[in-house]
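Architecture at a glance
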Amino acid sequence: MTTKTEPADAPVTPVPPGRGRRVLRALVLPVGALRQAPMTVVLILTLWILGGLTGSLGHGPPPELLKYVGVGIQSLSAGYWWTPVSSMFWCSGIAAYVVNTLMLVALGPLASRRLGRLRAIALVLGGQVLGTLIGTGLVRLGIAVGETWTLGLHDQYGLGPTVGVFALAGALSFRLSALWRRRLQLLVVLVPAVMMLYIGHLQSVQRVVGAGLGLVVGALWLRGKQQPLRPRRASHAETRVLVALCVAGSAIGPLIASLYQDAFGPFNTFSDLYFSRPPTREDIDYACSVSADDCAHLRSALHFFDSPGRLMAALVPILLLVLADGLRRGLRLAWWATVVVQLLWIGLLGWLLRLLLDQASDLGGRTMVWQLVGEAWAMPVLVLALLLATRRRFGLRLPSRVVRRLAAVIGATLLASCLAYVGIGYLVRDQYEPDTTLPALLKGLPSEYLPPAYNGLVPTYPVAAGGTAQALETYCGLLFWAVTLVALLAAFRRPSVHEDAADAARARALLERYGGSTLSFIATWDGNHYWFDERGEAAVPYRVLGSVGMATVALTCGDPFGEETARERAVAGFARYCDARGWTPCFYSVTPQTERAGQALGWRSLQVAEDTVVPLPELAFTGKKWQDIRTALNKAKKEGITAEWWTWQQAPLGIRDQIRSISEEWVADKGLPEMGFTLGGLDELADPAVRMLVAVDEDRTVHGLTSWMPVYQDGAPVGWTLDFMRRRSDAADGRQPFRGVMEFLIASAALGFKEEGAQFLSLSGAPLARADRGQEPTTLQRMLDWMGKTLEPVYGFRSLLAFKAKFQPEYRPMYMLYPDPAALPGITRVIGKAYLPHLTASQGVRLMRRLSA
């Protein structure tokens, strides 16, 4: 008997939702989530109802109520034992009510699903009680030992549920994917710590304790069985995001502290250097009683703060936020600029230390001066150390034309603003007090480009009194920095390209016009250089790598591409090109056609991979040999799993975020370095020509994805090559990941490409694995077979080849071509470096342990 099966559905190509629909969905989503978290709704309603009934919404509870509901040293000393709990139901003002509500909406429903309702309630309540009690106790201990900062916390009260919410967030992070586990844990540590160090209120200390308790509880009792206690190394892209968050946190801290009139955290001593503040009336009166010149300068500064120029007060944090965006994108320029900013800040504090030490007797002694400056030094030193430790993650370079345009824009704006300030200022020199001169304007020029708090660094600058002079003082520096920051943001958003963009575009045009092998699209990836024959009809992508004590190797990937007859000549032409430069050429993962061209030159060859090609015109999933594929397709249909075509740019934010999360989980689970060279990652998905096939369920949860690179012929794709493969490994909101998702995705892609008229799809080469053709292997081939067997427990190359056999492919050998057997040791090391470019010492040790086991 034969069993009839319904024809499988081809993948669909959804239409991206419009902006209005996305906004509506974003507004409706929290409402639907809150329906599943009634206790979160109860707490939010209790906060607002009690705040309204007691008149606490505007500025917190009145003093006569505060001592009975707020938790602090005074209330606990008075015997008000209930205040650790009652403090949950009031906040310190309308902004605190809004922030607490948003935090509860964001975390409450998610915690109820991932932890369970009762456990989430216990974490919030327990974290609130223990966090407030321990935090208050630590402050009391600081007062007892004479810690200066804690003396100001004696009469303060803590309000709001954020202590318990941070405890909940810390514990919840251990039930999230690796991507969001790291991000949430960083935020859980960073936000309370920055608020404590810059604002310094009692409740910020309690929040730090609550966050720590939540992380401890999560690590000890909520961590998954397979989840290591020690966090795994993040991927390159995620490391950039985490570093950018830290830099942004160091910038936002002073900004938040500026909103508080009574902020006095230990790092807030020199906060004016981060965020300038206007002079007070008392400052002006004192200056006027001492010096007419100081009086005029402070009055001028007060006028500056009453104009749009006050935006210059936030120059340092805004600059750091812009640079953080560049760090998030992995740009080397942003890394260098951030390092320079931190070094300047450290140098400035060193200069202030020298000045303050001369006045140490008036400031409580040299020890006190060192303590104040040391606390201010801590943040830039920590940020600088983080940047230096992660410097290899920021290697992306902007196109040279973008750098030149950026330099031209900044330079022209600086020159124009300088000429305007000096030239126009000299024409209206009578509008200064006293009348200014050309040398005075030149000396005062630096003050135009510094935040107001730095004016003291300029020995003297003209004081503007008239309208035109005041406009120059206000807008010259402001417009320069506005143009500079916008230009930096625009440059950072440019896509990273090859170092030689013209050659990359020329090579891509050849590839699209004439085509190449199934791996030729890899030539478009970053890191390649290009050789062109004398007629410009063929190209060879290569990268130059070397190892200590070994020859420099020009390593290619895939066949030469271009006009068909020119491809055969390209091997000899590239060999001559390398020989002239003293390089050892090596063609890697090439087809038999290129192998024959190399053998004609007397080169050696070695099979290094097995390409698996599935012809599409006659493809039909019928017969016993296709049983596993039919099962995956039918099971997906039964469970409501569909396959959707997307490109990275068109995919909705929710889809892209889940893809990042799945990829990060895959990297974290392996605990080993990401491989490159012939294996693409998230960065390679961004190419508009690359198509993603994503498996999603009815709840829009991504269960897996594959990416496909085009294989061109006569200007159009005739086949597609599999590159990126990832599947969800963790349960999403209680639903287990779909088993068989890779079989489903590849089969769906084959059906979709067949409908489009494609001739074949390649499941790509399986490195260090090959089909048995009954031939006696050479000694070198046996060594490669042994290497593939050794690496199997770690990277699973042979298992991958066995998996691809389910699709009944045609096996096509892929070879490595090299001219000199004596160069093999160097070539081997170079190939290893190409595949594992970011291998660290710790990862190397872990890899060797896995192999030896």
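Residues numbered from 1 in each chain as written. Predicted model: local features only at pLDDT ≥ 70, side-chain atom pairs only at ≥ 80, totals over all residues. Heavy atoms only, no water.

1. Remarks on the environment of N455
Here N455 is to be found in the loop between α19 (438-444) and β2 (463-464). A sequence separation of 154 residues divides N455 from A301, and the C-alpha atoms of the two residues are 9.2 Å apart. Residues contacting N455, with those up to four places away along its chain left out, are S447 and Y461. (Helix = DSSP H or I, 4+ residues; strand = E, 2+ residues; numbered from the N terminus. Contact = heavy atoms within 4.5 Å.)

2. With respect to unusual backbone geometry
At S589, a residue that is not glycine, the phi angle is positive and equals roughly 60 degrees. Mapped onto the fold, S589 is located in strand β7 (residues 584-590). Of the residues examined, S589 reaches a relative accessible area of 4% and is grouped as buried. Positive phi values are uncommon outside glycine, yet D714 reaches one of about 55 degrees. Mapped onto the elements, D714 comes out in the loop between β11 (702-713) and β12 (716-727). (Buried < 20%, exposed > 50% of the residue type's maximum accessible area, 1.4 Å probe, protein only.)

3. A few points about the confidence of the model for the chain
In the predicted model, the chain carries a mean pLDDT of 83, and 85% of its residues have values of at least 70. Here residues 1-7 scores under 50 on pLDDT; set against residues more than four positions off or in separate chains, the count is 4 contacts. (pLDDT = per-residue confidence, 0-100.)

4. Concerning a nonpolar patch on the surface
A cluster of nonpolar residues, L130, L133, I134, L138, L141 and V145, forms a patch on the protein surface that exposes about 550 Å² of accessible area. On the accessibility criterion, L138 (47% relative accessible area) is partly exposed. (Patch = residues over 30% accessible without salt bridge, like charges linked within 9 Å, V, L, I, M, F, W, Y side chains within 5 Å. Areas by Shrake-Rupley, 256 points an atom, 1.4 Å probe, with all protein chains shown as cover. Salt bridge = Lys/Arg side-chain N within 4 Å of Asp/Glu carboxyl O.)

5. Quick notes on the nonpolar core
Y198 and L327 are the most contacted members of the largest nonpolar core, which totals 62 residues. With 12 residues, helix α16 (residues 332-358) is the single largest residue contributor to this core. Judged by nonpolar contacts, the second largest core, of 38 residues, contains A523, A689, V690 and L824. (Core = buried A, V, L, I, M, F, W, Y, C linked by side-chain atoms within 4.5 Å.)

6. Some details on helix α30 (residues 824-835)
With 12 residues, α30 extends 16 Å between its outermost C-alpha atoms, agreeing within 8% with the 16 Å of an ideal straight helix rising 1.5 Å per residue. Buried residues of α30: L824, G826, I827, V830, I831, A834 and Y835, and no others. One side of α30 carries all its buried residues, which in axial view fall inside an arc of 170 degrees. (Expected span 1.5 Å × (residues − 1). Arc of directions from axis to C-beta.)

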